[in-house]
Each structure stands twice: as structure tokens, then as C-alpha cells.
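Structure assessment
One-letter residues, chain by chain:
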Amino acid sequence: MHQRVLEREALLRQENEQLRAQLRLREQQLFGRKTETTAATAPTPTPLGPDGLPRRPRGQQRGRPGPRRRDHAHLPAVLEERELPAAQCCCQHCGRPFAPVGGTEDSTLLEVEVRAHRRVIRRHRYRPTCACGAHPGVVTAPPAPRVLPKSILGVSVWVTILLDKYLFYRPTYRLLTDLQTQGLDLALGTITDGLQRLVPLFEPVYEALAAHSRRQPLWHGDETRWLVFATVEGKVGFRWYLWVVHAAEVVVFVLAQGRGHDVPQEYLGPEATGIMVVDRYKAYQAMDQVKKGLIVLAFCWAHVRRDFVTVARTWPELEGWALGWIERIGQLYHRNDARLAVLEEPAPFAAADARLREAVTALGKQGESELTDPSLHPARQKVLESLGNHWTGLTVFVEHPEVPMDNNTAERAQRGPVVGRKNYYGSGAVWAGQLAAMLFSLLQTLCLWKLNPRAWLTAYLTACAEAGGAAPAEVERFLPWNLSDEERRCWSLAVAKAGEDTS
């Protein structure tokens with residue numbers, strides 16, 4: 001009985017420590033700093049570069065030239081003459097006038113002028129003067145093209161609405177309030193109805209983006225919740241999910257009711273082959289393409305590092321151990337960066353690759369060695385077992401230098417929609433959620449190619465208007481990878497090259 005009491009006390013003590021650790025974690029999540037770089041109380045050792053010396057600090061380096069001034073010469077200029085008033089254009093002592101001197105002192109001020117206006121379209125009418133009867137009655141000039149037939153809103157209004165909602169993530173009512181300050185008063189119902197009518201115009205573009213995405217050899221995958229306030233048969237609640245598949249040339253968001261493996265599996269298709277960088281979510285491992293070996297999963301080292309950060313935050317007695325692992329993971333990143341810096345140089349690359357493989361092997365052996373300790377703390381055991389279970393996916397980047405070590409690319413792509421979710425809570429209908437996925441995909445792909453979304457949307461919606469309010473027949477020619485050099489130059493975010501620094 002005494003032995004049973006001792007065992008029960010030890011079990012209660014262990015449970016108490018776990019609850020206290022969980023409480024510390026929740027307090028840190030609620031009230032602590034969010035950044036992981038300052039997660040622990042002890043300072044992280046200074047990271048070393050490939051040569052063993054401390055890495056240089058970020059930002060402007062002492063003794064190096066500063067950044068160049070931006071050139072705004074491509075903007076239209078409005079000339080403004082400033083002269084001395086007549087009362088001041090003379091000597092204040094004797095009153096004799098000043099004589100003009102050749103030349104001027106010029107300066108520049110940047111201004112932005114947004115102006116809502118009406119396009120009054122007057123269609124002239126003509127009467128035939130011949131008697132052949134080919135044109136009976138009065139002939140009228142054709143009407144102006146409209147994005148939405150019988151709609152009073154022009155292309156520029158819809159471009160402003162789409163950019164404001166799906167690129168800058170503002171709620172519609174805030175945009176309407178902003179437009180009111182410019183003298184344009186629009187009804188919320190008019191905008192909502194128009195957005196629904198725009199869905200067929202962007203469906204072909206979205207399908208083309210998805211088809212190009214499936215042909216890519218490397219993807220980043222992630223998912224986040226997205227609320228759709230609509231009642232759907234068989235669906236409980238309003239929580240949907242917004243999946244992202246980020247490739248080198250295209251970004252595609254997929255709106256789905258669930259979070260199961262069937263979503264990425266059906267999106268990529270049964271014949272998809274390549275490498276997919278993901279977190280350790282089990283749905284990706286359950287995909288048929290993964291089980292058949294067609295798709296190789298590369299797991300994220302940032303999530304592994306986060307495990308050790310959590311241990312450092314919740315178990316003070318394990319903080320030194322966790323910080324040591326965080327430092328070694330950081331050195332792994334540095335060695336991989338050094339390898340990528342000489343990717344095109346065979347001899348330096350071979351040396352950097354050997355150093356990286358040595359560090360990876362040492363890290364794996366250390367994890368295996370620590371797991372053999374019978375008195376291993378449960379928190380340490382859990383983290384190290386996860387490291388060992390995912391080791392194959394964590395080392396894909398070693399044999400494939402083109403594969404990043406983490407999945408931060410997909411998480412950064414999700415950042416914008418998450419801001420939109422916080423600002424306008426999601427979508428009020430299924431079609432609205434699908435339109436959001438389409439526009440998120442399109443706008444992030446345009447930004448990936450450094451194209452001006454405003455210029456692209458203006459050109460595309462103008463083509464839709466000229467096609468009678470339907471998607472143009474040749475949607476493929478608007479895709480970033482099919483643009484001509486002239487179109488890419490005209491729609492580029494960097495319209496003009498930076499001029500010389502004249503400061």
C-alpha cells in the first residue's frame with residue numbers, strides 16, 4: 001500500500017508539472033511576445049556565418065553607400081509657376097523694381113488626386129441620304145462597352161472595389177464610406193449584386209491558373225479556416241477552409257468545406273508528380289499520390305524549431321537544452337544558405353554541401369542518442385520522437401537544393417486572407433467565398449510576377465466589356481507567363497527605371 005501511495009504521488013506530481021507548464025504556455029500565448037526570436041529569457045548565442053565569424057547585423061552597413069533615391073520621372077508633371085507678388089518685387093528701401101534673372105529654381109512635390117466623375121456618352125445618330133434601302137431608319141453610334149450589361153458602374157469602379165477587398169483586405173462598407181468622401185455614393189446591395197455577376201468572368205482565369213499550378217514540380221501547401229455564412233446540405237456550421245498551393249510561377253487558393261486529405265488530393269489530380277513542402281499535418285501524408293510515391297513530402301524545419309521554442313517557454317528547467325537545439329537548427333539554416341550561395345560553382349558547392357550533410361547527420365545522431373536515455377523528460381521525449389518520425393521528410397532538402405527548408409512561403413501567402421478574415425469575417429455566401437479564392441489566387445500570382453494588379457485588371461475587364469460582358473475568348477493571353485515583352489513592361493510595377501542619384 002505504501003508503494004501504491006508513492007506511485008500515486010509521483011503521478012500526481014508529474015500531472016501537476018504538466019498542468020503548470022501548460023498554464024505557462026497559455027499565459028505566454030495570451031500576454032507574451034509573439035515573435036519566436038525572443039521566446040526565451042536567456043539570450044540566443046550570436047549566430048555564426050559559414051566562415052565561423054559572427055554574422056553581420058541586418059540593415060544599413062556602416063561605411064557602405066546608402067540606398068538610391070526613387071525616380072518619379074515617369075509620373076505626369078503639372079507645371080506650377082510661382083512669382084513674387086508685385087509689392088515684394090522691388091527694393092524695400094528705395095522702391096526700385098527687381099530685374100528678372102534667367103533660369104528658375106525648380107523643386108518637386110508628389111501629389112495624389114482621386115476624382116470620381118461621370119462619363120456622359122452621347123451616341124450620335126445619322127440618317128441615310130441614299131435611296132438603296134440598305135440602311136432603313138436612323139443609324140446610331142454603338143453604345144460604350146460595359147463590364148456588366150445595364151450597369152452604371154464602369155471598369156475603374158470595379159477595379160477599385162476588387163483591389164480594395166481582395167488585395168488590401170478592407171470590408172466593403174469601409175470602401176463605400178471612403179468613396180462617399182470623394183462624392184460617389186453607392187449602395188451596398190449594388191456592389192454585392194455586381195460582385196456575384198463578376199464570378200463568371202474570373203472562372204476561366206482561375207481554371208487556367210489551377211491547370212498551370214498542377215504542372216509545376218514543386219509546391220508549398222497550407223490551409224486556414226474561412227467562414228462562409230451559408231447553409232449547405234450536409235454541412236454543420238459555417239467553418240470552411242481556404243487551402244493554398246504556392247508554386248514558383250502561380251499561387252492558387254482552394255475553398256473547401258473540410259480539412260481532409262481529399263482536398264489537395266483532388267486538386268492536384270491522380271497523375272501529379274513532384275515535391276510538396278508542408279507542415280506535419282496528417283492529411284498530406286494520407287494523399288494517394290504520397291502513398292504511391294508520386295509526390296514526396298518535404299517537412300518544415302520552422303515547425304520543428306517552434307517545438308523547441310515551446311519547450312523553452314513552458315519548462316524553465318529545459319530552457320538551456322531547448323536553446324541549444326534552436327542554435328543547432330539555426331546553424332543548419334546558415335550552412336544551407338551558404339550552399340545555395342554557390343549553387344552555380346561546382347567546387348565551392350561540393351565543399352558547402354559536404355559541410356551541410358555533416359551537420360544534418362550530427363543532428364540526427366544526437367536526437368537518436370538522447371532518445372536512448374531512460375530518464376528522459378516527457379517534454380524532451382515528445383519533441384525528439386516527432387523529430388525522428390519526420391526525419392525523412394525533413395531531409396529532402398539535402399538531396400534537392402531547390403527545396404526550401406521551411407514552409408514559410410505558404411504561410412506568408414495565407415497572411416493576406418487571414419487579415420481579410422479578421423476584417424470582414426469571411427464570406428456571406430458560397431459564391432462569395434469562391435470569388436474570394438479566385439481573386440486571392442489571381443492577385444497574388446500577379447504580385448509574384450511583379451505585375452501591377454490595377455493595370456492588369458483594367459486591361460482584362462476592358463476586354464470583358466468589349467466582349468459584351470463575358471470573359472474574352474482568349475483568356476490564356478492574359479496569363480503572366482504568356483504576356484509579351486511589351487505587355488509585361490507596360491503592366492510592370494516598376495514602370496520606369498531608377499535614375500541617377502542627384503542628391
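Up top is the structure.
These lines cover the structure that appears in this document, whether it is placed above or below.

With that settled, the discussion passes to the overall build of the protein. Looking only at helices and strands, the protein has 17 helices and seven strands in total. The globule rule puts the C-alpha radius of gyration for 503 residues at 23 Å, and the 31 Å found for the protein is more than 25% above it. Along the first, second and third principal axes, the C-alpha set of the protein runs to 115 × 80 × 50 Å. Here the protein, with 503 residues, has 39% of them falling under the buried criterion. The long-range share in the protein, meaning contacts at least 24 apart out of those at least 6 apart in sequence, stands at 65%. Summing over all exposed atoms, the protein offers an accessible surface of approximately 31600 Å²; the carbon and sulfur share of this is 54%.

On to the nonpolar core. By size, the foremost hydrophobic cluster in this structure holds 123 residues, and its most contacted members are Y166, F202, W301, F308 and L461. Here this core takes eleven residues from helix α4 (residues 188–214), the largest share from any one element.

A few words now on the pattern of salt bridges. This model, assessed by the stated rule, comprises twelve salt bridges. The shortest N-O distance in the salt bridge between R339 and D353 comes to 2.7 Å. In this pair, R339 sits in helix α9 (residues 319–341) while D353 sits in helix α10 (residues 346–371), placing the two residues 14 residues apart along the sequence. Residue class for R339 comes out buried when judged on its relative accessible area of 0%. D353 gets classed as buried once you look at its relative accessible area, which sits at 11%. Between R357 and D353 there is a salt bridge, and its shortest N-O distance comes to 2.6 Å. Placement of both R357 and D353 in helix α10 is noted, with a separation of four residues, approximately one turn of the helix.

This next bit is on the packing of aromatic side chains. The final tally for this structure, using the stated rule, is 16 aromatic pairs. Ring geometry for F308 versus W321: centroids 5.5 Å apart, planes at 55°, classification tilted. A residue pair is termed long-range when its members are at least 10 positions apart, and F308 in helix α8 (residues 301–314) and W321 in helix α9 qualify at 13 residues. Considering the side-chain rings of F308 and W325, the 5.1 Å spacing of their centres and the 5° angle between planes classify their relative orientation as stacked. With F308 in helix α8 and W325 in helix α9, the pair connects residues that are 17 residues apart, well separated along the chain. Judged on exposure class, the residue F308 and its partner W325 are both buried. Each member of the aromatic cluster is reached from another via a ring pair, and the members are Y166, Y169, W226, F253, Y424 and F440. Over the face of the ring belonging to Y424 we find K165, whose NZ or CZ atom lies 4.1 Å from the ring centre. When the ring centre of Y267 is taken as origin, the NZ or CZ atom of R214, which lies over that ring, is 4.8 Å away.

Here we come to unusual backbone geometry. Here the phi dihedral of K150 falls at roughly 65°; this positive angle occurs in a residue that is not glycine. Residue placement: K150 occurs in the loop between β2 (139–140) and α2 (155–166). Classification of K150 by relative accessible area gives exposed; the value is 86%. Even without a glycine there, the phi angle at K450 is positive, about 60°. Tracing the backbone shows K450 in the loop between α15 (430–448) and α16 (453–466). Note on K450: relative accessible area 58%, which makes it exposed.

About the criteria used
Residues numbered from 1 in each chain as written. Predicted model: local features only at pLDDT ≥ 70, side-chain atom pairs only at ≥ 80, totals over all residues. Heavy atoms only, no water. Helix = DSSP H or I, 4+ residues; strand = E, 2+ residues; numbered from the N terminus. Rg over C-alpha atoms; globule rule 2.2 N^0.38 Å. Buried < 20%, exposed > 50% of the residue type's maximum accessible area, 1.4 Å probe, protein only. Contact = heavy atoms within 4.5 Å. Areas by Shrake-Rupley, 256 points an atom, 1.4 Å probe, with all protein chains shown as cover. Core = buried A, V, L, I, M, F, W, Y, C linked by side-chain atoms within 4.5 Å. Salt bridge = Lys/Arg side-chain N within 4 Å of Asp/Glu carboxyl O. Phe/Tyr/Trp six-rings, centres within 6.5 Å; stacked < 30°, edge-to-face > 60°. Lys NZ or Arg CZ within 6 Å of the ring centre and 35° of its normal.

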